[in-house]
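One-letter residues, chain by chain:
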Amino acid sequence: MKGRFITIEGGEGSGKTTLIQKLKASLESNRIDIITTREPGGTEQGEQIRQLLLKGPTIRWDALSEALLLFASRRQLIINLIKPALDAGKWVICDRFFDSTVVYQGYAGGISIPLIRQIYAAISEGVMPDATFILDIDPVIGLARASKRLTDESNDEIRFENKSLEYHQKIRDGFLKIAEEEPNRFNVISAELMPEEIFLRLMRVIEPWLKTK
Ligand code: TYD
């Protein structure tokens, strides 16, 4: 039986990393063979592309070039890691995935969303998340939470966080819009809830899968 593919999305400071760690631990205690990964990155090639994308001045990349770099990283991740894992019956959790490109490069960056979907269809090898969780947060709160990371001098991967509040508001609206369009796959959870409650809401969606694994 094929594994399950879960993606976690959200704006800056929405707590994706903490949630993913908890989910991983919980699935492992249910004896599920699970792999966690992230985008951009997740493979040697993808991590190199991540460096190109996340460092340097905000205006470093044209939005379409940015999208194509993300898709190059994504294709490597699908072929080298996600597809083989799912085919082997493992579960995969990915910190951000293709919906981030729809929202960041599409809704906020102005790249044609049908084009982004078309490119995804061409590179995806039929891989599609079984469930996507959007951790929804007011960007004023999210950016304040993320500001610790921004003032950490050892962290130079802040090209996106440095964009304006208006931009981050667009990101939030974009995520809510795609969730509305595809309610079967998306689950929106307020990132302002207590971490325990966020986790419980996520598990409510996933628990039925544990019985059929
Ligand atoms: P990351 O350090 O992972 O930030 P976060 O903790 O917020 O996930 O950096 C990823 C950044 O890359 C994030 O600001 C969003 C951006 N991004 C895109 O613009 N498009 C994409 O398709 C992906 C995967 C990420």
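For the structure itself, look to the data block above.
Attention in this report is confined to the structure presented alongside it. (Residues numbered from 1 in each chain as written. Predicted model: local features only at pLDDT ≥ 70, side-chain atom pairs only at ≥ 80, totals over all residues. Heavy atoms only, no water.)

### Remarks on the overall build of the chain
And then number 1: Counting its secondary structure elements, the chain contains eight helices and five strands.
And then number 2: The order of helices and strands in the chain, counted from the N terminus, is β-α-β-α-α-β-α-α-β-α-α-β-α.
And then number 3: Its C-alpha radius of gyration of 16 Å places the chain within 12% of the 17 Å reference for a compact globule of 213 residues.
And then number 4: Relative to its full complement of 213 residues, the chain shows a buried share of 50%.
And then number 5: Within the chain, contacts between residues separated by at least 24 positions form 79% of all contacts whose residues are at least 6 apart in sequence.
And then number 6: Accessible surface, the chain: about 10,300 Å² in total, of which carbon and sulfur atoms supply 53%. (Helix = DSSP H or I, 4+ residues; strand = E, 2+ residues; numbered from the N terminus. Rg over C-alpha atoms; globule rule 2.2 N^0.38 Å. Buried < 20%, exposed > 50% of the residue type's maximum accessible area, 1.4 Å probe, protein only. Contact = heavy atoms within 4.5 Å. Areas by Shrake-Rupley, 256 points an atom, 1.4 Å probe, with all protein chains shown as cover.)

### Here we look at the sheet that holds strand S1 (residues 5-10)
And then number 1: Spatial strand order, S2-S3-S1-S4-S5: five strands in an open sheet with parallel pairing. The open sheet has two edge strands, strand S2 (34-38) and strand S5 (186-190), and neither has a second partner. Taking each pair of neighbouring strands and ignoring which way they run, the sheet shows an average axis angle of 20°.
And then number 2: Here S1 pairs with strand S4 (residues 131-136) via five bridges, running parallel. Among the inter-strand pairings, Glu-9 is bridged to a residue of S4, identified as Ile-134.
And then number 3: Each of S1, S4 and S5 is contacted by helix H4 (residues 98-108), which is oriented at about 25° to S1, the strand it contacts most. (Pairing = 2+ DSSP bridges. Axes fitted to C-alpha atoms, helices over the stretch in contact; angles between N-to-C directions.)

### As for helix H7 (residues 165-181)
And then number 1: With 17 residues, H7 should reach 24 Å at 1.5 Å per residue; the first-to-last C-alpha distance of 25 Å fits that figure.
And then number 2: Residues of H7 that are buried include every one of Tyr-167, His-168, Ile-171, Gly-174, Phe-175, Ile-178 and Ala-179, and no others. Projected down its long axis, H7 carries its buried residues within an arc of 130°, all on one side. Turned more than 90 degrees away from the buried face of H7, the exposed residues are Glu-166 and Glu-180. (Expected span 1.5 Å × (residues − 1). Arc of directions from axis to C-beta.)

### Considering the site of the ligand
And then number 1: Near the ligand lie 15 residues; those nearest to it are Glu-12, Lys-16, Arg-96, Thr-101 and Gln-105.
And then number 2: Note that a nitrogen atom of the ligand is positioned 2.8 Å from one of the side-chain N or O atoms of Gln-105.
And then number 3: The set of elements that each furnish at least two residues to the shell around the ligand consists of helix H2 (44-54), helix H3 (63-87) and H4.
And then number 4: Counting residues per element, the shell around the ligand draws most heavily on H4, which supplies four residues.
And then number 5: The class makeup of the residues in the shell around the ligand is five nonpolar, three polar and seven charged. (Near = heavy atom within 4 Å. Polar contact = N/O pair within 3.5 Å; in protein donor to acceptor, adjacent residues only side chain to side chain. Nonpolar A, V, L, I, M, F, W, Y, C, P; charged D, E, K, R; others polar.)

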